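Residue-level listing of the chains:
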Amino acid sequence: MKPISVHLVSLGCPKNLVDSEVILGRVGAQGFIVSPDPETADVLMVNTCGFIEAAKQESIDHILELISYKENDPAKLVVVAGCLGQRYPDELKGEIPEIDAIVGLSEYSRMPEILTELVTNARLEHPVQVKEPNHPAYSEGSRLRLTPVHSAYLRISEGCDNPCTFCSIPSFRGKFRSKPVEMVLDEARELIASGATELNLISQDLTSYGFDLDSDYHLPRLLEELNGVDGLKWTRLLYTYPYKFSEAMIDAVASLDRVIPYIDMPIQHIDDLVLKRMGRRMGEKDTVDLFRRMRDKIDDLVLRTTFIVGFPGETEAQFQKLIDFVEEIEIERVGVFAYSDEDGTPAVRLPEKIAPEIAADRVERLMLAQQQVAFAWNARRVGTETEVLIDGWFETEAGSRLTGRSYAEAPEIDTRIFLPDDAGSAGDYVQARITATEDYDLIAELVKHPSTR
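A. Seen up close, the layout of surface pockets. The calculated volume of the second largest pocket comes to roughly 280 Å³. Contributions of two or more residues to the lining of the second largest pocket are made by helix H9 (247–255), strand S12 (259–264) and strand S15 (385–396). Residue composition of the lining of the second largest pocket, by class: 9 nonpolar, 2 polar and 6 charged.

The structure is reproduced here in C-alpha cells:
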C-alpha cells in the first residue's frame, strides 16, 4: 500500500496553527506524506476556526473548496478538524454530508489511526470523532512547524475560565489547563533545537498560567526558567489577560533580558458599564493604573490590545470615551472588532443591540483615532537604532522586499520593517537605523552586520 498523502489548510489564530503543526507531526511520524498540493493528496483536511461569524464563514468556504476537489476525484477524503468541527459537529455533518470525518480537539493524538481507518475502508463507522475538550494539557512536541524556522509559537496552557459574556471559546476549548513547567521547558528546548530563536508564548489566558497546578508556580517563575534556556533570544507574551497581571509579572518583564518589552493584553473596552456587561474582571481605574505601572517600570514598553465596539447597549458617549482613552494612553498596537452574537453566549440575550452599520462606523472611527497614534509613534522612531530579526522576502506592488521585525512587531499581526536587499538572511539579527515611514510600516538601513544569536 502506497503512503497516504495529507493536504492541510490551517485557519484562524496561532493557537490553531499549533494544532495544525501537532496534527502534521503526528501523521508524519506514522509514515503519512504531507502534501502542499490538494490535487494529488489522498486526504484533504481543513483545521477550522469557529470564533466569530466571519471566521466560521471562511471555514465553511474552505470546506466547500476542498469538497470541489473530491467532486472531480471521488477517491479523495475530506476531513474537518478544529474549532468549528468541535463546536458544530452534527450540524456540519448534516448540512455538508460530503465531509468524510469530523475530528475534535481531544482526538488529535488519534489522527493517524483515524485517517488509516478512513482510507482503508473509504469511510468511518463513526464519522464524528468529537469528545468533550477537557483533556489534560498534553505535550505538543515533535510538531511539523509551519512558521519560519527562526520563530515559533509555544502554547503553555489550554482552555479558559474567564466569564466574558461575548466569548464562546470556553464552550469548545474547555476549562483552563496549564501544562506542567517541565513540559513547557522541554518543548521550548525542542523548538530552539529546530532553529527557533524567538518564542511567542500563547494561550487563551497567558496570565493565569499555573494557578490550576500550584499556587506558587505562576507565569513570572516560568519566564525566569525560560530565560535560562540556551539559544533563546526573544520571548514574546501574547494573549495576556489584565486580571492577575501582578507586580511580579511587571518586574519579570522589566528585569529578564530575554523577555522582550512587548505585551499583548486585550482589554476590549474602557467604560465601566460596558465592561461589566462584557463580564470583564477589571474596570477603567484598575486598567489605567496597570498600564501606567507597566509604563513606569518597563523601559521601551510596547503595548498591544484589542477592542470590541458595538457591544449591546454601548452608547455614543461610551464609545467616545473609548476614543478618548486611545488618544490619551497612546497604545502602540490596536485591533478593533465589531461585536457579533455568538451562539450560546450570555451576550446573545442582552437587549439594546447595536445596528451593524453603526458598529462598522465605530470600528472605522476608532481605527482612525488609533492611526494618528500609530503614525506619530512611527515618526518618533525615525532616526533611532533597533535590533531587527530578518523574516525574509515579502511581495509588494513594487516587487520583492527584504523584511524584518524589531521586538516591537509580533509576527503576522504587526507591521514590517523593510531592509536593504543585502542586509542578511532570514533568521539573522541585524542592527538597523529607522530612516523613514511607509504608512504603518518602516524603512531601515543597516548599521551592523548579521548575528544569528
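B. Structural view of the pattern of salt bridges. A complete count under the given rule lists 41 salt bridges for this structure. We note a salt bridge from Lys-297 to Asp-251, for which the minimum N-O separation is 3.1 Å. Of the two residues, Lys-297 sits in helix H11 (residues 284–297) while Asp-251 sits in helix H9, which places them 46 residues apart along the sequence. With a shortest N-O distance of 3.3 Å, Asp-361 and Arg-365 are connected by a salt bridge. Taken together, the positions of Asp-361 and Arg-365, both in helix H13 (residues 356–381) and 4 residues apart, correspond to about one turn of that helix.

C. Representation of empty space enclosed by the protein. Enumeration according to the criterion identifies 2 cavities of 30 Å³ or more in this entry. By volume, the largest cavity is sized at about 80 Å³. In this structure, the second largest cavity encloses a volume near 50 Å³. A breakdown of the residues in the lining of the second largest cavity according to their chemical character gives 6 nonpolar, 2 polar and 2 charged.

D. Local environment of the sheet that holds strand S7 (residues 151–155). The 6 strands are arranged S7-S10-S11-S12-S13-S14 in an open sheet whose pairing can be described as parallel. If you trace the sheet from one side to the other, it starts and ends with S7 and strand S14 (333–338), each paired once. The mean angle between the axes of side-by-side strands here comes to 20 degrees, regardless of whether they run parallel or antiparallel. Here S7 runs beside strand S10 (residues 198–202); their pairing, made up of 5 bridges, is parallel. Pairing of Ala-152 across the sheet is with Leu-199, part of S10.

E. Inspection of helix H12 (residues 316–329) at higher detail. Along its 14 residues, H12 runs 20 Å from first to last C-alpha, staying within 8% of the 20 Å computed at 1.5 Å per residue. Listing the buried residues of H12 in full gives Gln-318, Phe-319, Leu-322, Ile-323, Phe-325, Val-326 and Ile-329. Looking straight down H12, one finds that the buried residues subtend no more than 155 degrees of arc, so they occupy a single side. Exposed residues pointing more than 90 degrees away from the buried face of H12 are listed as Ala-317 and Glu-328.

F. Broad picture of the packing of H11 against H12. Contact geometry of H11 with H12 gives a least axis separation of 13 Å together with a crossing angle of 15 degrees. The orientation of H11 with respect to H12, classified from their angle, is roughly parallel. Read as a crossing pair, H11 and H12 show a hand that is right-handed. Every residue of H12 that contacts H11 at Glu-284, Val-288, Phe-291, Arg-292 and Arg-295 is listed here: Lys-321, Phe-325, Glu-328 and Ile-329.

G. View of the environment of Glu-140. Along the chain, Glu-140 turns up in the loop between strand S6 (128–129) and S7. Excluding residues within four positions of it along the chain, Glu-140 makes contact with Val-18, Asp-19, Val-22, Arg-155, Lys-179 and Glu-187. A polar atom in the side chain of Glu-140 sits 2.5 Å from the side chain of Arg-155. Reaching out from Glu-140, the side chain makes a polar contact with the side chain of Lys-179 at a distance of 2.7 Å.

H. Fine view of a nonpolar patch on the surface. There is a patch of nonpolar side chains on the surface, built from Val-34, Leu-144 and Leu-146 and spanning about 210 Å² of accessible area. Structurally, Leu-146 is set in the loop between S6 and S7.

I. Main features of the pairing of strand S1 (residues 5–10). Most of S1 sits out of view: 5 of its 6 residues are buried. Looking at chain direction, S1 and strand S2 (residues 33–34) are connected through 2 bridges and run parallel. Directly across from Ser-5, in S2, lies its bridge partner Ile-33. For the handedness criterion, the β-α-β arrangement of S1, helix H1 (residues 14–29) and S2 is classed as right-handed. Relative to strand S3 (residues 43–48), S1 runs parallel, the two sharing 5 bridges. Considered in S3, the bridge of Val-9 is made with Val-46.

What counts and how
Residues numbered from 1 in each chain as written. Predicted model: local features only at pLDDT ≥ 70, side-chain atom pairs only at ≥ 80, totals over all residues. Heavy atoms only, no water. 1 Å grid on protein atoms, 1.4 Å probe; cavity = no way out; pocket = protein on both sides within 12 Å on 5 of 7 lines; lining within 4 Å. Points joined across faces, edges and corners; volume = space filled by probe spheres on them. Helix = DSSP H or I, 4+ residues; strand = E, 2+ residues; numbered from the N terminus. Nonpolar A, V, L, I, M, F, W, Y, C, P; charged D, E, K, R; others polar. Salt bridge = Lys/Arg side-chain N within 4 Å of Asp/Glu carboxyl O. Pairing = 2+ DSSP bridges. Axes fitted to C-alpha atoms, helices over the stretch in contact; angles between N-to-C directions. Expected span 1.5 Å × (residues − 1). Buried < 20%, exposed > 50% of the residue type's maximum accessible area, 1.4 Å probe, protein only. Arc of directions from axis to C-beta. Parallel < 35°, antiparallel > 145°, perpendicular 65-115°, else oblique. Left-handed = near helix turned anticlockwise from the far one by under 90°. Contact = heavy atoms within 4.5 Å. Polar contact = N/O pair within 3.5 Å; in protein donor to acceptor, adjacent residues only side chain to side chain. Patch = residues over 30% accessible without salt bridge, like charges linked within 9 Å, V, L, I, M, F, W, Y side chains within 5 Å. Areas by Shrake-Rupley, 256 points an atom, 1.4 Å probe, with all protein chains shown as cover. Right-handed = clockwise from strand over helix to strand, strands pointing away.

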